[in-house]
Structures are given as C-alpha cells and as structure tokens.
Amino acid sequence: MVSPLTRRSLVAAGAAFAVPASARAQTTLPYGTIRIFIGYPSSGGSDSLVHVIAGALQQQIGRSVTVDYKPGPSGAAAGEQLKKSAPNGNTLAFIPSATMVGKLIRPDFPFNPQTDLQPLTLAGTYPTAFCVSPKIGVATLADYVQWLKAGDPQRARFGTTTPDSFTQYFGTMVGREIGVPLESVPYRGARPLVADLEEGRIPAGTGGITSFLTPQRGGRLKVLMISAAKRLKVAPQVPTVVELGFPKLVQTNWYAFFAPPGMSAPLVAAWTAELRKALQSREVSEQLGQLGFEVQTSSPDELAERLASDFRNWKELLDSLGVKPIN
C-alpha cells in the first residue's frame, strides 16, 4: 500500500519546511516519485516517524515522496523489497534495529542487513516500552507484579509489536527480572496490539515508545517503564528501568535509512546529505521528539560500523538468554 503525501498530510507534517527552488537538491538526485518502504502497517510508530521525515524531505528536494507499506513478520519485507529494487535513487527504506535482529534468529530471514542493503544514515534512537492495559487496574510495575502473582497463568501474556526481536525479548527479560516468566504473543505491528490493550484482550505489551506515547496520552494503555537510563522529556512521568532497579534491561533501539545495494557513490552521498539535512532541521527534530525519538545522524560508513558492532552485541545477548536460531 502506498501513502502519498497529500497537501493535508504535508500541513500536518509541518509546512514550514518549504525552501526556495535555488536551494533544492542538485540534479544528482533522480527526478520522479521517491518511494520509502516501511515494513509495518499504517498507524504505528514507524508510520508516524516516517511521515514527518518524508514531508520535510518532499519540500526540501522538490520531488514527490510516498510512503510504501510492506507489512510482514518483524518488518522484514521492507528490506527484502529494497534488496530487489533498482539502485537508481528512487527507492529508499526506513528500517529499525528491531527488524535487523531477525537475521540472527530465523534461517529464512529474507535479507542480510550487512550485505544486501546500502547504508545511508542513522535517523535516531528510542527506548522500548513495557505497557499494560487500563482494564487490569495497575499504575506501577510493583502493582503489575502483584497482579500477576494473584491470578492464573493467563495473566503472564504480553503482546509484542515485532516478534523475534529485542522488542519481544525485552518482555522476556522483564519476566526474568521480576521472577515471573512472561509469554510473548506476536502482533503485526502496533495498531492491533494497542486495540487489544485498550479493550483488555491482552494484559501487557512491548514495543517502541514511539508507538505508545500517543495511545497513552489518550488513556488507551499505561506505560509502566522504558528501557532508557534517563526519563524522556516528553513523558516525564514514565520511570526508567534503571530507576526501578533493573539496569540489565537498558536497551537502545534505532531507525536508519538504507538504499538498494549497488547504488553509485554520488547518489549515496547526495541522499545521505539530504536525509541528514531533513532530520537535523529544528522542525523535524521537535516533531520526532514529541514521539520519544531522539534524532541522531551518521555517515554511511558510521552506520555500517554500528550495524556490525550491534550484531556482535545482539549475538552475545541472545546467547545469554538461551535463544537459538529457529529451525
């Protein structure tokens, strides 16, 4: 499904991004529509983030930018589609670290993040959140643990927006830390999980804070803690895992932009420059910050180095959890 950035959505994303034609991208960038793949359905955290960035980018480069949804298990379909795309500069992908971890777990994972994608730039970081349904009547993690121990085993279920990822394993680790094993239930993105939390069909859930802040503000769920070392300025009431006495649960996730493999060096340089410019603008940084997302950018080489380092760290953590590749 493709979501064009209409006049209305551009206004919502911030019409202040308009720049004079003389300041627009050089002719190194291709003409025609630019497509940005995301591996999740609409109305989730990925969707909210990418629409802010795409709206700014469209105004900045003077070309039409569309968001192309490729929903599937763990968000991997965006990378799979990008791997098969022509490296002509018309197609990019916005992919989270949560998706990449699947390569270490599933032999049938459809792409190799380190060889099948061309890194462009890091976009930013965000913590994982652990939340509960308002229907279970708990306000703190201590309340939740007491509620778990007072009922049947069905209470120990939690939904995860990204199966076979550290979004899921964060919930597993929470269970280990509180002494109550928790059972994960996979969801295809944040939207159905939030709906089930709101109605009490699932008691708890894990996902990026970017998917949960808006529903929390609307009373649809309650975020009990985030995997950060410091509280978020936009959610000062939400405690961190460090405050609650669980420093082993500190976890940082990221989103980044990638291009198809084989893209020419001039195109890689041009796209990296334009994406970093859009991300670093005050308007974009502020809007993304309201979603719990901290903008951080990088060079392509820095992103490749981070990905390689993270894969080593992820492997060590999975080994410590006893997680083996799924046959």
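Note that this is a predicted model, so its numbers are computed, not measured. (Residues numbered from 1 in each chain as written. Predicted model: local features only at pLDDT ≥ 70, side-chain atom pairs only at ≥ 80, totals over all residues. Heavy atoms only, no water.)

1. Description of the pairing of strand S11 (residues 253–259)
Within a regular beta strand, the side chains point alternately toward one face of the sheet and then the other, so they alternate between its two faces.
Phase 1: Among the seven residues in S11, seven count as buried, and that is most of the element.
Phase 2: Side chains Asn 253, Tyr 255, Phe 257 and Ala 259 project from S11 onto one buried face, and the interleaved Trp 254, Ala 256 and Phe 258 project onto a second face that is buried too.
Phase 3: Two elements, strand S4 (residues 91–96) and S11, share four bridges in a ladder whose sense is antiparallel. Of the residues in S11, the one forming a bridge with Ile 95 is Ala 256. (Buried < 20%, exposed > 50% of the residue type's maximum accessible area, 1.4 Å probe, protein only. Helix = DSSP H or I, 4+ residues; strand = E, 2+ residues; numbered from the N terminus. Pairing = 2+ DSSP bridges.)

2. A closer look at the nonpolar core
Phase 1: Among the nonpolar cores identified, the biggest contains 52 residues, and Phe 94, Val 223, Phe 257 and Trp 271 are the most heavily contacted of them.
Phase 2: Ranked by the residues each element gives to this core, the list is headed by helix H2 (residues 45–61), at eight residues.
Phase 3: Look past the residues within four positions of Phe 257 in its chain and what remains in contact with it is Ile 36, Ile 53, Ala 93, Phe 94, Pro 119, Leu 120, Thr 121, Ala 123, Leu 275, Leu 279 and Leu 303. (Core = buried A, V, L, I, M, F, W, Y, C linked by side-chain atoms within 4.5 Å. Contact = heavy atoms within 4.5 Å.)

3. Brief notes about the packing of H2 against helix H9 (residues 265–280)
Phase 1: Between H2 and H9, whose axes approach to 9 Å, the crossing angle comes to 120 degrees. Regarding the angle of H2 to H9, the classification is oblique. Like other packed secondary-structure pairs, H2 and H9 cross with a definite hand, here right-handed. Here H2 contributes Ile 53, Ala 56, Leu 57, Gln 60 and Ile 61 to the contact with H9, which in turn contributes Trp 271, Glu 274, Leu 275, Lys 277, Ala 278 and Leu 279.
Phase 2: Here the residues of the contact of H2 with H9 are counted per class, giving eight nonpolar, one polar and two charged. (Axes fitted to C-alpha atoms, helices over the stretch in contact; angles between N-to-C directions. Parallel < 35°, antiparallel > 145°, perpendicular 65-115°, else oblique. Left-handed = near helix turned anticlockwise from the far one by under 90°. Nonpolar A, V, L, I, M, F, W, Y, C, P; charged D, E, K, R; others polar.)

4. Focus: the layout of surface pockets
Phase 1: Approximately 490 Å³ is the volume attributed to the largest pocket.
Phase 2: If you go around the largest pocket, you meet 20 residues; those closest to its centre are Lys 230, Arg 231, Leu 232, Gly 292 and Glu 294.
Phase 3: Contributing elements (two or more residues each) for the lining of the largest pocket: strand S5 (118–126), helix H10 (282–289) and strand S12 (294–295).
Phase 4: For the lining of the largest pocket, the per-class residue count stands at nine nonpolar, seven polar and four charged.
Phase 5: Counted as a void, the second largest pocket has a volume near 320 Å³. (1 Å grid on protein atoms, 1.4 Å probe; cavity = no way out; pocket = protein on both sides within 12 Å on 5 of 7 lines; lining within 4 Å. Points joined across faces, edges and corners; volume = space filled by probe spheres on them.)

5. Observations regarding helix H7 (residues 190–199)
Phase 1: Among the residues making up H7, those that are buried are Ala 190, Leu 193, Val 194, Asp 196 and Leu 197. Down the axis of H7, the buried set is contained in an arc of 165 degrees. They therefore lie on one face.
Phase 2: Buried-residue contacts for H7 involve strand S6 (128–132), strand S7 (157–160), strand S9 (204–208) and helix H8 (209–217).
Phase 3: The positive-phi residue at the C-terminal boundary of H7 is Gly 200, with phi of around 80 degrees. (Arc of directions from axis to C-beta.)

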